[in-house]
Amino acid sequence: ALFSTDIRNHYYAEISCGVEEAARHAGYLTNIFTSDVTDGYLEKLMSHQFDGVIIQTTKITIESLNMLVARDIPIVCIGGSEILNGLDEHLTRLDIAIYDGAVSLFEYMITMGHHHIGFIAPHRLLGPTDRDTRLQAYLDTLHRHNIPYDPNIVHWDYSSTDDIYRITKNLVKSPNRPSALFTGNDNNALVVLSAL
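Residues numbered from 1 in each chain as written. Predicted model: local features only at pLDDT ≥ 70, side-chain atom pairs only at ≥ 80, totals over all residues. Heavy atoms only, no water.

Participant: Break down the nonpolar core for me, citing the residues and quoting the values.
Facilitator: Formed by 25 residues in total, the largest nonpolar core has its most connected members in Phe106, Phe119, Ile120 and Tyr138. Mapped onto this core, the elements with two or more residues apiece are helix H4 (98–111), strand S6 (117–120), helix H5 (134–144), helix H6 (161–173), strand S8 (180–182) and helix H7 (186–195). Looking at this core element by element, the count peaks at six residues for H4. Among the nonpolar cores identified, the runner-up in size contains 18 residues, and Phe50, Leu68, Val69 and Leu91 belong to it. (Core = buried A, V, L, I, M, F, W, Y, C linked by side-chain atoms within 4.5 Å. Buried < 20%, exposed > 50% of the residue type's maximum accessible area, 1.4 Å probe, protein only. Helix = DSSP H or I, 4+ residues; strand = E, 2+ residues; numbered from the N terminus.)

Structural data, given as structure tokens:
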């Protein structure tokens, strides 16, 4: 059983396809569930006796996780979540190197000659701790390269794709526009590309 946030999102769709392919090669069938994982729903699903559970969603409660642990079903969690703390001995975690991945991207942009890099990523992508955030990666990388921070090209206080589109339009019309843009994820990138 694979519990996924939303397979309409390219990121989750790619992971879901990879999980399904790997399971098939190992002789398993994969059932993908995208609804919120409530205790009642999970109880009903678990009556089907899955051989294992893969979770790539934050929409699961600690009670639901404890229910899975109590059934002694192998569990793999993709992506970090604070509710997983303390359950490490019962499950396998595949955490995403958000900070390191973002640093690699910023380093690449800088080696390509970009020293005025715009940043567009919403609050929800900034991570549970400062050290794990894309914004912290941005700030740290600028600091390491002695590149001044320009708050006029950093945007993380928005809530919709319309906002991303508007922000991008404003950035490129600015007399001091960035030479590159970091968007935080693929969905944001599509909106930025559309605006460009």
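Participant: Break down the packing of aromatic side chains for me, citing the residues and quoting the values.
Facilitator: Across all of its chains, the model carries seven aromatic pairs by this definition. When the centroid spacing of 5.0 Å and the interplanar angle of 75° are considered together, the rings of Tyr11 and Tyr12 count as edge-to-face. Residue class for Tyr11 comes out partly exposed when judged on its relative accessible area of 36%. Where Phe119 meets Tyr138, the ring centres are 5.1 Å apart and the plane angle is 45°; that geometry is what we call tilted. Of this pair, Phe119 sits in strand S6 while Tyr138 sits in helix H5, and the two are 19 residues apart along the sequence. The same class applies to Phe119 as to Tyr138, namely buried. By the ring-pair criterion, three or more aromatic residues cluster together here, those being Phe106, Phe119, Tyr138 and Phe182. (Phe/Tyr/Trp six-rings, centres within 6.5 Å; stacked < 30°, edge-to-face > 60°.)

Participant: Could you give an account of the pairing of strand S3 (residues 53–56), with specific residues and numbers?
Facilitator: Sheet analysis places strand S1 (residues 2–4) next to S3, joined by three bridges and oriented parallel. Residue Phe3 lies in a different strand from S3, and its bridge partner there is Ile55. Inspection of the sheet shows S3 paired to strand S4 (residues 75–78) by three bridges, in the parallel sense. The partner of Ile54 across the bridge, within S4, is Val76. (Pairing = 2+ DSSP bridges.)

Participant: Just give me the short version of a nonpolar patch on the surface, but keep the residues and values in it.
Facilitator: Taken together, Leu190, Leu193 and Leu196 make up a surface patch of nonpolar side chains, about 330 Å² in accessible area. Assessed through its relative accessible area of 46%, Leu190 is described here as partly exposed. (Patch = residues over 30% accessible without salt bridge, like charges linked within 9 Å, V, L, I, M, F, W, Y side chains within 5 Å. Areas by Shrake-Rupley, 256 points an atom, 1.4 Å probe, with all protein chains shown as cover. Salt bridge = Lys/Arg side-chain N within 4 Å of Asp/Glu carboxyl O.)

Participant: Explain the environment of Asn185 to me, using residue names and the numbers behind them.
Facilitator: Along the chain, Asn185 turns up in the loop between S8 and H7. Taking the C-alpha atoms as reference points, Asn185 and His10, 175 residues apart in sequence, are found 9.5 Å from one another. In terms of polar contacts, Asn185 uses its side chain to reach the backbone amide nitrogen of Asn187, at 3.2 Å. Within the structure, the side chain of Asn185 is placed 2.7 Å from the backbone nitrogen of Asn188, a separation counted as a polar contact. (Polar contact = N/O pair within 3.5 Å; in protein donor to acceptor, adjacent residues only side chain to side chain.)

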